[in-house]
Amino acid sequence: MKKILTVIGARPQFIKASVVSKAIIESGEFEEVLVHTGQHYDNNMSKIFFDELDILPPKYNLEIGSCGHGEQTGEMLKRLEPIVNSENPDMVLIYGDTNSTLAGALVAAKMNIPVAHVEAGLRSFNRKMPEEINRVIADHISTILFCPTTTAVKNLKNEGIINNVYITGDVMYDVAIQFVEKAKSKSTILAKLLLTSKGYILVTIHRAENTDERLRLINILSALEILSYNSVIIFPMHPRTKKMIDSFGLNNFLANIKVIAPAGFLDMINLESNAKLIMTDSGGVQKEAYFHKTPCITLRNETEWTETVDAGWNVVAGNRDASDIVSLANRMLEWTGNREQIADYGNGCSAKSIITHLAALK
């Protein structure tokens, strides 16, 4: 039986791994060794996802924690290498675009172990984003690449990557299908927060381009403050965002906003599917908004998920001031036209497709 060593470390990776790991077990073709780098480490960002998504506990937890990109990636490399050497896997499986993704890819490539990249080929074309660097490097040293969309396949082809590239659909869509009913029955967050369906705006902010630039953060918070006069704003706050709001002395903008701790997976599904609008800088949340048919504003200059924009479900805010962000929000709230379906994301069988291709890899 072939051995797969899977490297994960952040919320989006836990979510994706839940359906792929399940498909690995069901296939009977592989043994999976799960390594958690500890990139997301507190209970609200880590343990609760393992519990709610029914992911088996990792065999290894590197407990890296939060630090600078160089230090964090370096520590991951240092701690991953002896594990990979000891486990001697047939391949290393990575997800997405985090520092955990980069570290897993680099260690495997340097040890001549095949790398399988789930969610390959995404591009924002903004090299100032650490995630863009991570995904580009990971793609160029991967052995087998699983793309969620035809656009991702084209991006790889433009960079000369054409071998062992497969379009599988989006594993996040698998998750949405498999867990939406469980979220409806298990999550009580709407009742706890006294929310009604389609009666609030959901906000998530965590990227450095928003949290670490004071003026940009002020523009976003000012827009939320203005919107809060007519709409309930629910803001599950990432630890980094809280730290920077405190550091910049911007808590006065939050007076009329319901700030809550980072939500667990089932609570987040419930919040996303019942919101009237989502405002986010998260790639995963953009897609989840589409899966739950909730309009979305991306609080960034670009998105990797251009299909959601083309279909009318998502609009990219760019570096706008508060009044422009408010205008975008009102436009999305008032929209009554048709929005398209996105065929590329698959039919909920992406994880099984990935395992089929892995089993065929010689």
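So, here is what we can say about the structure in this document.

## Regarding the packing of helix H4 (residues 99-110) against helix H5 (residues 130-140)
The relative placement of two packed helices is expressed as an angle between their axes plus a distance between the axes. Put simply, H4 and H5 touch, their axes get as near as 9 Å, and they point 25° apart. Our classification of the angle between H4 and H5 gives roughly parallel. H5 is crossed by H4, and the crossing has left-handed handedness. Counting all contacts with H4, which are made through Asn99, Thr101, Leu102, Ala105 and Leu106, the residues of H5 involved are Asn134, Ile137 and Ala138. Its residues assigned to classes, the contact of H4 with H5 comprises five nonpolar, three polar and no charged.

## Digging into the pattern of salt bridges
Within this structure, the stated rule accounts for 19 salt bridges. Lys3 is the partner of Glu87 in a salt bridge, and the nearest nitrogen-oxygen pair spans 2.9 Å. Placement of Glu87 in helix H3 (residues 69-87) and of Lys3 in strand E1 (residues 2-8) is noted, with a sequence separation of 84 residues between them. Residue class for Lys3 comes out buried when judged on its relative accessible area of 16%. Glu209 is paired through a salt bridge with Arg216; the nearest N and O atoms lie 4.0 Å apart. Each member of the pair Glu209 and Arg216 is classed as buried.

## Notes on the sheet that holds strand E12 (residues 296-298)
Reading across the sheet, the six strands line up as E10-E9-E8-E11-E12-E13 and stay open at both edges, with parallel pairing between neighbours. A strand with exactly one partner marks an edge of an open sheet, and here the two such strands are strand E10 (258-260) and strand E13 (314-316). On average, each strand axis in the sheet is tilted by 20° relative to the strand beside it, whichever way the strands run. Relative to strand E11 (residues 277-280), strand E8 (residues 200-204) runs parallel, the two sharing four bridges. Bridge assignment links Leu202 to a residue of E11, and that residue is Ile278. Sitting on the sheet, helix H10 (residues 214-227) touches E8, strand E9 (232-236) and E11, and the angle it makes with E9 is about 145°.

## Here we look at the environment of Ser327
Assignment of secondary structure puts Ser327 in helix H15 (residues 322-334). By relative accessible area, Ser327 is classed as partly exposed at 44%.

## Focus: unusual backbone geometry
Of note, the phi angle at Glu63 is positive, near 50°, even though the residue is not glycine. With respect to the secondary-structure elements, Glu63 resides in the loop between strand E3 (60-61) and H3. Under the relative-accessibility criterion, Glu63 is labelled exposed at 62%. In this structure, Asn88 takes a positive phi of about 50° despite not being glycine.

## Points about the nonpolar core
Of all hydrophobic cores here, the largest spans 51 residues; its most connected members are Val20, Leu53, Leu93, Phe265, Ile354, Ile355 and Leu358. With seven residues, helix H1 (residues 11-27) is the single largest residue contributor to this core. Excluding anything up to four places from it in sequence, Leu93 contacts Ile4, Leu5, Thr6, Val7, Val20, Ile24, Ala116 and Val118.

## Some details on the side chain of Arg207
Residue placement: Arg207 occurs in the loop between E8 and helix H9 (208-211). Engagement of the side chain of Arg207 in a polar contact is seen with the backbone oxygen of Asp281, the distance being 2.5 Å. Residues contacting Arg207, with those up to four places away along its chain left out, are Met129, Glu131, Arg240, Asp281, Gly283 and Arg300.

About the thresholds
- Residues numbered from 1 in each chain as written.
- Predicted model: local features only at pLDDT ≥ 70, side-chain atom pairs only at ≥ 80, totals over all residues.
- Heavy atoms only, no water.
- Axes fitted to C-alpha atoms, helices over the stretch in contact; angles between N-to-C directions.
- Helix = DSSP H or I, 4+ residues; strand = E, 2+ residues; numbered from the N terminus.
- Parallel < 35°, antiparallel > 145°, perpendicular 65-115°, else oblique.
- Left-handed = near helix turned anticlockwise from the far one by under 90°.
- Contact = heavy atoms within 4.5 Å.
- Nonpolar A, V, L, I, M, F, W, Y, C, P; charged D, E, K, R; others polar.
- Salt bridge = Lys/Arg side-chain N within 4 Å of Asp/Glu carboxyl O.
- Buried < 20%, exposed > 50% of the residue type's maximum accessible area, 1.4 Å probe, protein only.
- Pairing = 2+ DSSP bridges.
- Core = buried A, V, L, I, M, F, W, Y, C linked by side-chain atoms within 4.5 Å.
- Polar contact = N/O pair within 3.5 Å; in protein donor to acceptor, adjacent residues only side chain to side chain.

Geometric values such as these leave the question of function open.
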